[in-house]
Amino acid sequence: KILILDFGSQYTQLIARRVREVGVFSEIHPWDMADADIQAFAPSGIILSGGPESVTEPGAPSAPEVVFRLGVPVLGICYGMQTMAVQMGGAVQGSQTSEFGYAQISRLGSAGLLHDISDHIDESGQLLLDVWMSHGDKVIALPDGFECIAETESCPIAGMAHQSEPWFGIQFHPEVTHTLQGKRIFEHFVLEICACEALWTPANIVDDAIARVREQVGGDKVLLGLSGGVDSSVVAALLHRAIGDQLTCVFVDNGLLRKQEGDQVMDMFARNMGVRVIRVDAEALFLGKLRGESDPEAKRKIIGNTFIEIFDDEAGKIQDVKWLAQGTIYPDVIESAGGKTGKAHVIKSHHNVGGLPDDMALELVEPLRELFKDEVRQIGLELGLPRDMVFRHPFPGPGLGVRILGEVKKEYADLLRDADAIFIEELRRTGWYDKTSQAFAVFLPVKSVGVVGDGRRYEYVIAIRAVQTVDFMTARWAHLPYELLETVSNRIINEISGVSRVTYDISGKPPATIEWE
Ligand code: XMP
């Protein structure tokens, strides 16, 4: 396994994913991880990530010395290379201006890390590589024992390697997809230089997780809040395979789900897979509590609290439960860099469920804690969940509650469900569903005039939204074909009598958020 020491780069998670894609387990830890912990981790190789600091500043983070004493290969990327250079006696020049974007690397010939990879070959037989750069500082003097393995016009030392030790530094970012040969660079490092075996496969991950769950919970009963989303569905399938009837799922239908979603969840888990699922039909309760409320944050709170109330209630009825399962995934767990620089450690904790009665004293079982979203999807397929479900767009916890602007009413929810189903159906039919990250309809409680046949119509407005994004922090509105938008609009207005107009949302994030509330 590979240890990644995080110096705070926005790309650190990508490094871990690339290593895992090559088939080797990797974990991210803060750069100031204790020596004893590094030794206990027993890595086969260590990667030093990039980071926002400058090694030329006093007190800048550096790699623990033990990293270079373990006798394992080390790869420094960007800041990681710079700190390696300085720690070994080389020199780094600070700079106010930064280089950001594509660069072409040459001088790859003999280097172990970069051998036999190129995107182009020039007239003189030089191998050239297209890479992605994002840096200000750069190494200007190699430490003793190192040789230069890559250069660009503006960065004469864009890569370095020790002549006898397995230590490498590269200034560019192999982890981003813009560096076309990035995957092969990781293969070289992880499989060849670190000599790791590619054992991190979906089948092995499943076997391993099942064995661990069995060991953790023994013969105890486990409770899971099943939402129908990817993470909790994969947890349900995994736990069912691991412990069968010791698992009970509670599925709360809050009346704010997509069209027929509740029935689909029950069909798949209860009927097809034989998972024990308690379905709670709580539409009336949720809508009752939401009546008269139009403030977005207040609506979210009501929905969240009501969910907890119902879940606690149901959980309390099940005898002898010892464990609560959650679909926590790795990005929720990762502790990012900070450490001695004084920046707060950022630990996100997503509690799908909170506020269970104290006397239940449930312990947590979180079998996806080490997995990235794409890995969760892969093991979902491995466990036999249908593709459609595994590659489903994310759906917010408060559901249609934040897609009906203002006050939530059943009439609105029903119209919205129908419109949303038409939109999604057309996206799937045209192959656009998989090309967008999230797509949905929004209900606007305003009326607009239309004409249908000879009649005048005065009905509601539906907005449709589709975005493309990698991390949901920023997003671009999807440039859907006009023909597709036309079909969706015609179908919604013709098939749903309560809608007289359809608009397409062309706002990016930022400044707009993905959801409308
Ligand atoms: P925004 O609207 O903030 O959405 O750009 C980013 C992503 O988060 C989802 N989202 C939520 N998910 N509870 C959730 O579980 C919420 O209250 C919530 N609000 C937004 C949204 O669907 C998008 O994927």
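Just so it is clear, the model here is predicted, and its values are computed rather than measured.

(A) The environment of Tyr 330, seen in detail. Tracing the backbone shows Tyr 330 in helix α10 (residues 330-333). Judged by the 20 C-beta atoms lying within 10 Å of it, Tyr 330 falls in the buried class. Those residues within four positions of Tyr 330 in sequence are excluded, and the remaining contacts are Arg 369, Glu 370, Leu 371 and Phe 372.

(B) View of the UniProt feature "active site" (unreviewed entry) in the protein chain. The UniProt record marks Cys 78, His 173 and Glu 175 with the feature "active site" (unreviewed entry), using the residue numbering of this structure. Across 98 residues of sequence, these annotated residues stay compact in space, with a maximum C-alpha separation of 11.1 Å. Topologically, His 173 is positioned in the loop between β12 (167-170) and α4 (182-193). Taking the number of C-beta atoms within 10 Å as the measure of exposure, His 173 has 23 and is therefore buried. Take Glu 175: it is sitting in the loop between β12 and α4. A count of 28 C-beta atoms within 10 Å places Glu 175 in the buried class. Ignoring any residue separated from it by four or fewer positions in sequence, one finds Glu 175 in contact with Tyr 11, Leu 14, Ile 15, Arg 18 and Gly 182.

(C) A look at the sheet that holds strand β17 (residues 363-365). Ordered by their spatial adjacency, 5 strands build an open sheet running β15-β14-β13-β16-β17, and the pairing between neighbours is parallel. Strand pairing shows two members of the sheet lacking a second neighbour, β15 (276-281) and β17, which therefore form its edges. Mean inter-strand twist for the sheet, computed between neighbouring axes without regard to direction, equals 30°. Of the pairings in the sheet, the one linking strand β16 (residues 321-325) to β17 comprises 3 bridges and is parallel in character. If you follow Ala 325 over to β17, its bridge partner there is Val 365.

(D) Spotlight on the sheet that holds strand β4 (residues 74-77). As summarised here, the arrangement of the 7 strands in space is β2-β1-β3-β4-β12-β11-β10, forming an open sheet in which the pairing is mixed. Every other strand in the sheet has two partners, leaving β2 (26-30) and β10 (146-150) as the edge strands with one partner each. The average undirected angle you get between the axes of adjacent strands in this sheet is 20°. Across the face of the sheet, helix α1 (residues 12-21) comes into contact with β1 (2-6), β2, β3 (45-48) and β4 while running at roughly 160° to β2. On top of the sheet, helix α3 (residues 79-87) reaches β3, β4, β11 (159-162) and β12; it is set at about 115° to β4, its chief contact.

(E) Seen up close, the site of the ligand. Near the ligand you find Arg 300, Pro 394, Pro 396, Gly 397, Pro 398, Gln 438, Phe 472, Lys 509, Thr 513, Ile 514 and Glu 515, and these make up its full shell. Grouping the amino acids of the shell around the ligand by side-chain chemistry returns 5 nonpolar, 3 polar and 3 charged.

(F) Region of interest: the domain arrangement of the protein chain. The assigned domain composition of the protein chain is domain 1 (2-193), domain 2 (205-390) and domain 3 (410-504). Taking the mean C-alpha position of each, domain 2 and domain 3 sit 29 Å from one another. The partner domain 3 presents 6 residues to the 5 residues of domain 2 that form the contact.

(G) The UniProt feature "binding site: ATP" (unreviewed entry) in the protein chain, seen in detail. Here, the residues flagged by UniProt with the feature "binding site: ATP" (unreviewed entry) are Ser 227, Gly 228, Gly 229, Val 230, Asp 231, Ser 232 and Ser 233. Looking at the element boundaries, Gly 228 is found in the loop between β13 (221-225) and α6 (230-243). Residue class for Gly 228 comes out buried when judged on the 21 C-beta atoms lying within 10 Å of it. Residue classification places Ser 233 among the buried residues on the basis of 26 C-beta atoms within 10 Å. If sequence neighbours within four positions are ignored, Ser 233 has contacts with Gly 228, Gly 380, Leu 385 and Met 389.

(H) Here's a closer look at the environment of Ile 404. Here Ile 404 lies in the loop between α12 (387-390) and α13 (410-429). Leaving out residues up to four positions away in the same chain, Ile 404 has contacts with Tyr 412, Ala 413, Leu 416 and Phe 443.

(I) Local environment of the confidence of the model for the protein chain. Overall, the predicted model of the protein chain reaches an average pLDDT of 92, with 94% of residues at or above 70. Low pLDDT, under 50, characterises residues 339-353; the stretch is placed with 26 contacts to residues that sit more than four places away or in other chains. As scored by the predictor, the complex reaches a pTM of 0.84 and an ipTM of 0.98.

Criteria and cut-off values
- The written sequence of each chain sets the order in which its residues are numbered from 1.
- Given that the model is predicted, a residue must reach a pLDDT of at least 70 before its local features are reported, and side-chain atom pairs must reach 80 or more before they are shown or counted; all residues, however, enter totals for whole chains, interfaces and linings.
- A helix here means a DSSP run of H or I that spans at least four residues, while a strand means a run of E at least two residues long, and both kinds are numbered starting from the N terminus.
- Here a residue counts as buried when 20 or more other C-beta atoms sit within 10 Å of its C-beta, as exposed when there are 12 or fewer, and as partly exposed otherwise, the C-beta atoms being derived from the backbone.
- Whether two residues are in contact depends on their C-beta atoms, placed from the backbone: they are in contact if these lie within 7 Å.
- UniProt positions are given in the numbering used here, feature names are shortened, and annotations may be inferred rather than shown by experiment.
- One bridge is not enough; two strands pair if DSSP finds at least two bridges between them.
- What counts as an axis is a line fitted to C-alpha atoms, over the stretch in contact for a helix, and the angles between N-to-C directions run from 0 to 180 degrees.
- Proximity of a residue to a molecule or strand is defined by its backbone-placed C-beta atom lying within 6 Å of that partner.
- Residues are grouped as follows: Ala, Val, Leu, Ile, Met, Phe, Trp, Tyr, Cys and Pro are nonpolar; Asp, Glu, Lys and Arg are charged; all remaining types, including Gly, are polar.
- These domain limits were set by an automatic method or by a database of domain assignments.
- The quantity known as pLDDT measures the predictor's confidence residue by residue, on a range of 0 to 100.

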